[in-house]
Every structure is written in structure tokens, then in C-alpha cells.
Amino acid sequence: MLFRCSYLALVGGGDTPAWQSNQVVVWEDHLQQAVCQLQLPAPVLAARLQRDRIVVVMQTELHVYTLDRNPSLLLSYSTCSNPDGLTDLCPTSSLLAFPSVDSGHVSLVNIAQDTRTQMRMLPAHSHPLAALSLNMQGTLLGSASTRGTLVRVFDTQTCLLLYELRRGASSACIYSISFNKTSSSSHLLQILKHSMCSNWRASGKVGRLLNTVLRAAPLLFVVLGVKTQ
């Protein structure tokens, strides 16, 4: 969904899809009609919208198009295998984060510019990425790997590691990372509490993680969906 707008990026799926899995339809919900459509060479795993850009993610490629009735290709990047369609586009800037060609690395690029020569490669993890997220201002990047033991936060300008939180020693699936709007720890306890359900571990390691966040990192984020294997 486009930030503060009625535009939705739709991809076909399910048992009786309205569109094919390699199509992206930008839908104007107020007018109840399609604004534009894209046909891609492979199934689309994710799509992100900005005021004048469409970001489309496939398993080993990421494309950026203009957002208009006749979209044109602006930028194209190769990635490592990305079956979950990992990417994040900052809603208040043009910073885009996505997996690099090297597994466990993150690419940062400003899609409002011709940024191929300005792309930053960030060696985030030694294992493949499982989750990544930018804060509202585009100044921080949170990431986790498929091992699920560490959550790291980087400065997107310098690519320096700011915080490293150890969730535990055993492997786990981290499904989502998100920052609050001000990237502060206010209301962190309440959000974490509501994110847990009966078959998820709400104490022990998660409790220690929360204590670490509140003590050491007032700018850190909320981790949702930590499920032990």
C-alpha cells in the first residue's frame, strides 16, 4: 500500500487468482479500478510503492519502474536467492534495502537517483537473511538471519553496526522486524506483549531480549514473530 494513499500493489495468488503470479496490478481503491499493470518474466514475490516508483521483487532479481499508466523500467538489480521476497522501501525517503548477490549481505540504494555507482553493500550476517527493515526516517536498518540468534541494527549512512542483540543460542525463525515511528523504545513492552500468543515463547529469552533493549538501546525496534524450532 502506498503511504497515506489509496493505491495498492496486488499480485495474483491463492486457488483462484484474479491475476497471474507474474503480474503486478496497482489498484486505486477509492476509484475501484486498476491504474496500471506490469508483466514480469518470473513470479512476483513482493512489491513496494512510492509516490512515483514501483519496486518489484522476484527470486533473484529486483526491478524499479515508474508509477504511471505506462510504467517504464528504471533500475534493475541482481540478488542472491530471495524466496521470501525480502525488501523494504523507506516511506519518507527513497532508500531501498534488499539482499545483495552475496548471501547474508544487504544492498542499500537511493532509487530516486541513478545510484548504481552509489550502492552500498552491507555485510550483515554470515547466514542467509530472514528479515530486514528500515526505520521511518531511513537512518537505521534492522536485520536477522535464518539462524535467528542475532538481531543487528546498522546506520544506513555509514553502514556501521550500532547494536547487536542476542536472542539466544538455539536456532529460531524470525519472521519480522519493525521500528516504531520515532525509532524509540516507548511502548515497546506493550507491543511485545500483544505480539505473543500461546504457542510462542513470551518469557525467558524474549524477556532477556526486552530487558537488553530497554537498558542499552533507546532507539531500537520491536521484534515480532520469534518462534523457536
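Residues numbered from 1 in each chain as written. Predicted model: local features only at pLDDT ≥ 70, side-chain atom pairs only at ≥ 80, totals over all residues. Heavy atoms only, no water.

## Quick notes on the pairing of strand E15 (residues 161-166)
This is how it is decided: When DSSP locates at least two bridges between a pair of strands, those strands are taken to pair. For helices the rule is a DSSP run of H or I covering at least 4 residues; for strands it is a run of E covering at least 2, with both sets numbered from the N terminus onward.
Pairing of strand E14 (residues 150-155) with E15 involves five bridges; the strand directions are antiparallel. Paired with Arg152 across the two strands is Glu164, which belongs to E15.

## A few points about the packing of aromatic side chains
As a reminder, the rule being used: Pairing of aromatic rings covers Phe, Tyr and the six-membered ring of Trp, with a centre-to-centre limit of 6.5 Å; geometry is then stacked below 30 degrees between planes, edge-to-face above 60, and tilted otherwise. The buried label applies to any residue whose accessible area, calculated with a 1.4 Å probe on protein chains only, is under 20% of its type's maximum; exposed applies above 50%, and partly exposed to all values in between.
Taken as a whole and judged by the stated rule, the model has one aromatic pair. Between Tyr77 and Phe98 the ring centres are 5.3 Å apart and the planes differ by 35°, which places this aromatic pair in the tilted class. Of the two residues, Tyr77 sits in strand E7 (residues 73-78) while Phe98 sits in strand E9 (residues 95-99), which places them 21 residues apart along the sequence. Just as Tyr77 is buried, Phe98 falls in that class too.

## Details of the pattern of salt bridges
The criterion, for reference: Any carboxyl oxygen of Asp or Glu that lies within 4 Å of a side-chain nitrogen of Lys or Arg is treated as forming a salt bridge with it.
For the coordinates displayed, the defined rule picks out two salt bridges. The partner of Arg53 in a salt bridge is Asp52, and the shortest N-O contact between them spans 3.2 Å. For Glu164, the salt bridge goes to Arg152, with nearest N and O atoms at 2.7 Å. Of this pair, Glu164 sits in strand E15 while Arg152 is found in strand E14, placing the two residues 12 residues apart along the sequence. Given the relative accessible area of 17%, Arg152 is considered buried.

## Considerations on the nonpolar core
It is characteristic of soluble globular proteins that their nonpolar side chains tend to be buried jointly. The following threshold applies: As used here, the term nonpolar core means buried Ala, Val, Leu, Ile, Met, Phe, Trp, Tyr and Cys residues forming a set that is joined through side-chain atoms within 4.5 Å. Contact definition: two residues touch when any of their heavy atoms are within 4.5 Å.
One finds Val24, Val26, Leu38, Leu40, Ile54, Val56 and Tyr65 to be the most contacted residues of the largest nonpolar core, which totals 14 residues. Of all the secondary-structure elements, those providing two or more residues to this core are strand E2 (23-28), strand E3 (33-39), strand E4 (46-50) and strand E5 (53-57). Here this core gets three residues from one element, more than from any other, and that element is E3. The residues touching Leu40, leaving out its near neighbours within four places in the chain, are Asn22, Val24, Val56, Met58, His63 and Tyr65. Membership of the second largest hydrophobic core comes to 13 residues, among which are Leu95, Leu122, Leu134 and Leu141.

## Overview of the sheet that holds strand E13 (residues 140-145)
The condition that has to hold: Angular values range over 0 to 180 degrees, each being the angle between N-to-C directions of two axes fitted as lines to C-alpha atoms, with helices fitted over their stretch in contact.
Here four strands make up an open sheet; going across it, the order is E12-E13-E14-E15 and the pairing antiparallel. On the outer flanks of this sheet lie strand E12 (129-134) and E15, each paired with one strand and no other. Taking each pair of neighbouring strands and ignoring which way they run, the sheet shows an average axis angle of 15°. Bridging between E13 and E14 involves five bridges; their strand directions are antiparallel. Across the sheet, residue Gly142 finds its bridge partner in E14, namely Val153.

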